[in-house]
Amino acid sequence: MATITTRSGKGSPLTNTEVDDNFSNLNSAKYESGSAAEFASVDLPDDGKIKLGNDDDLQIYHDGSNSYISDQGTGNLVLQGSNSLVLEAADGTNYIAADDGGSVFIYHPDATNQVKLSTTSTGIDVTGTAT
């Protein structure tokens, strides 16, 4: 937070040093887009949205009941991971996992959290009955 030196009433004007200090304080407190500023969190109320893109193409928000990552623009929503991409429950139970090597695994959220269907280079592997 910048500290600005002021004078109350019609006293003497700020000295050159005081003016320079004010500009230094303002420069150190400002945020510039693209700078290496770090934020601990961004707090928004329900229905508050983080919007990215010239036309707000990508939106991330919570409506009070559900959370959304919404692609509103042209093209695809692409999620990338350097090793794998995993969709999981808050408790860590897997839903779907896709590995960098090409396999995709689909889980059933039972007590064992075992893979029920997976892709291979020759087709699929099924645990249990396929109908």
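One can find the structure itself at the top, above this paragraph.
Cut-offs used in this document
- Residues numbered from 1 in each chain as written.
- Predicted model: local features only at pLDDT ≥ 70, side-chain atom pairs only at ≥ 80, totals over all residues.
- Heavy atoms only, no water.
- Helix = DSSP H or I, 4+ residues; strand = E, 2+ residues; numbered from the N terminus.
- Phe/Tyr/Trp six-rings, centres within 6.5 Å; stacked < 30°, edge-to-face > 60°.
- Lys NZ or Arg CZ within 6 Å of the ring centre and 35° of its normal.
- Pairing = 2+ DSSP bridges.
- Axes fitted to C-alpha atoms, helices over the stretch in contact; angles between N-to-C directions.
- Buried < 20%, exposed > 50% of the residue type's maximum accessible area, 1.4 Å probe, protein only.
- Contact = heavy atoms within 4.5 Å.
- Salt bridge = Lys/Arg side-chain N within 4 Å of Asp/Glu carboxyl O.

Draft legend 1. Structural context of unusual backbone geometry. Positive phi is not limited to glycine here, since Asp47 has a value of about 75°. Relative to the assigned elements, Asp47 resides in the loop between helix 1 (16–29) and strand 1 (49–52). Notably, Asp56 is not glycine yet its phi reads approximately 55°, a positive angle.

Draft legend 2. Structural view of the packing of aromatic side chains. Summed over the entire model, instances satisfying the criterion amount to 1 aromatic pair. Between Tyr61 and Tyr68, the aromatic rings sit 4.9 Å apart at their centres with planes inclined by 20°, giving stacked as the arrangement. Here the basic side chain of Lys49 rests over the ring of Tyr61, its NZ or CZ set 4.4 Å away from the ring centre.

Draft legend 3. Expanded view of the sheet that holds strand 7 (residues 115–120). Taken together, 5 strands build an open sheet; the order of strands is 4-5-6-7-8 and the sheet is antiparallel. Each end of this open sheet is capped by a strand with a single partner; those strands are strand 4 (84–88) and strand 8 (123–126). Neighbouring strand axes in the sheet, compared pairwise and without regard to direction, differ in orientation by 10° on average.

Draft legend 4. Spatial organisation of the side chain of Ser118. Here Ser118 shows up in strand 7. We classify Ser118 as buried; its relative accessible area is 9%. What Ser118 contacts, discounting residues up to four positions off in sequence, is Val104, Phe105, Gly123, Ile124 and Asp125.

Draft legend 5. Up close: the pattern of salt bridges. The full count for this structure, using the stated rule, is 1 salt bridge. Note that Asp56 and Lys51 form a salt bridge whose closest N and O atoms lie 4.0 Å from each other. Accessibility expressed as a relative area gives 44% for Lys51, which makes it partly exposed.

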